[in-house]
Amino acid sequence: MYGKIFRRIEEKYVITKEQYEFLLKKISNHIERDKYFESTICNIYFDTIQNDLLIRSMDKPVYKMKVRLRSYGIPRKKDDVFLEVKSKHKDIVGKRRVKIKLNDFYKYINKGLYDNHNQIMKELHYFFQYYKLQPTYYLAYDRKSYRGKEEEQLRITFDSNLRSRKEDLRLELGDAGKKYFEEEKYIMEVKTLDSMPLWLVRTLSELKIFPISFSKIGNIYRKDCVVC
């Protein structure tokens, strides 16, 4: 088990397939495929029984957080997954996570066994205990990842086929779920430690692609509430 800490600025956009294809053509000279270009990202979100963390997050407070278990692809119980807390203070996004075997995660959830020498795991344990967290949603999407050729810290991702379910809340049970978008759309995220490069700002403006506030889990929850 080991831990990592990330802090960065993120901007989100929801774009059509046509915008996605046109944008890639316009910025192709500035970006290249990331090391892990294509992946299916699978998540289990944890919350209180009343979804307090999610509901508070939707109110757009100065500080908000979410706790999730993430895998890249459908894992087996012996595979590595990532347990993480993602927070946002104003415009700065932070992520603290530990890599852990899926089997060991179940040992933690079922028996409370964990590495108490790992500071991030101790923090996560505190959140699980304080909020009495339990699995509430499964959420998956297919991602394509790019990075800047000259801007090493720039990362652009495109997520498609956003889907979710509220049952079978285990990563090893597959990535099936109810689709969020009726039409083919992409959730684009631009992530950087500093401001966006001018070539990207100009291109987005030219194509009339503007940032929006879009939480995947938050929007899915809202849609489920409307249906209910």
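Here's what I pulled together on the structure shown here. (Residues numbered from 1 in each chain as written. Predicted model: local features only at pLDDT ≥ 70, side-chain atom pairs only at ≥ 80, totals over all residues. Heavy atoms only, no water.)

1. Things to note about the environment of Phe37
Argument step 1. Locating Phe37 in the fold gives a position in strand β2 (residues 31-47).
Argument step 2. On the basis of relative accessible area, Phe37 is assigned to the buried category, the value being 12%.
Argument step 3. Spatially, the C-alpha atoms of Phe37 and Tyr146 are 6.8 Å apart, while their sequence positions differ by 109 residues.
Argument step 4. Setting aside residues no more than four positions away along its own chain, Phe37 makes contact with Arg143, Lys144, Ser145 and Tyr146. (Helix = DSSP H or I, 4+ residues; strand = E, 2+ residues; numbered from the N terminus. Buried < 20%, exposed > 50% of the residue type's maximum accessible area, 1.4 Å probe, protein only. Contact = heavy atoms within 4.5 Å.)

2. So, the side chain of Asp47
Argument step 1. Here Asp47 shows up in strand β2.
Argument step 2. In this structure, Asp47 is buried with no salt-bridge partner, the nearest side chain bearing the opposite charge being Lys66 at 9.7 Å.
Argument step 3. Here Leu53 takes part through its backbone nitrogen, which lies 2.9 Å from a polar atom of the side chain of Asp47.
Argument step 4. With residues near it in sequence (within four places) discarded, Asp47 still touches Asp52, Leu53, Leu54, Lys132, Leu133, Gln134 and Thr136. (Lys, Arg positive; Asp, Glu negative; His and termini not counted. Salt bridge = Lys/Arg side-chain N within 4 Å of Asp/Glu carboxyl O. Polar contact = N/O pair within 3.5 Å; in protein donor to acceptor, adjacent residues only side chain to side chain.)

3. Points about the environment of Glu206
Argument step 1. Of note, Glu206 is situated in helix α5 (residues 198-206).
Argument step 2. Sequence separation between Glu206 and Leu23 is 183 residues; the distance between their C-alpha atoms is 10.0 Å.
Argument step 3. Of note is the side chain of Glu206, whose polar atom sits 2.9 Å from the side chain of Lys26.

4. Observations concerning the pattern of salt bridges
Argument step 1. Under the definition given, this model contains 21 salt bridges.
Argument step 2. For Arg155, the salt bridge is made with Asp34, and the minimal N-O distance between the two is 3.0 Å. Taken as a pair, Arg155 in strand β7 (residues 155-165) and Asp34 in strand β2 lie far apart in primary sequence, 121 residues in all.
Argument step 3. The class of Arg155 is partly exposed, set by a relative accessible area of 24%.

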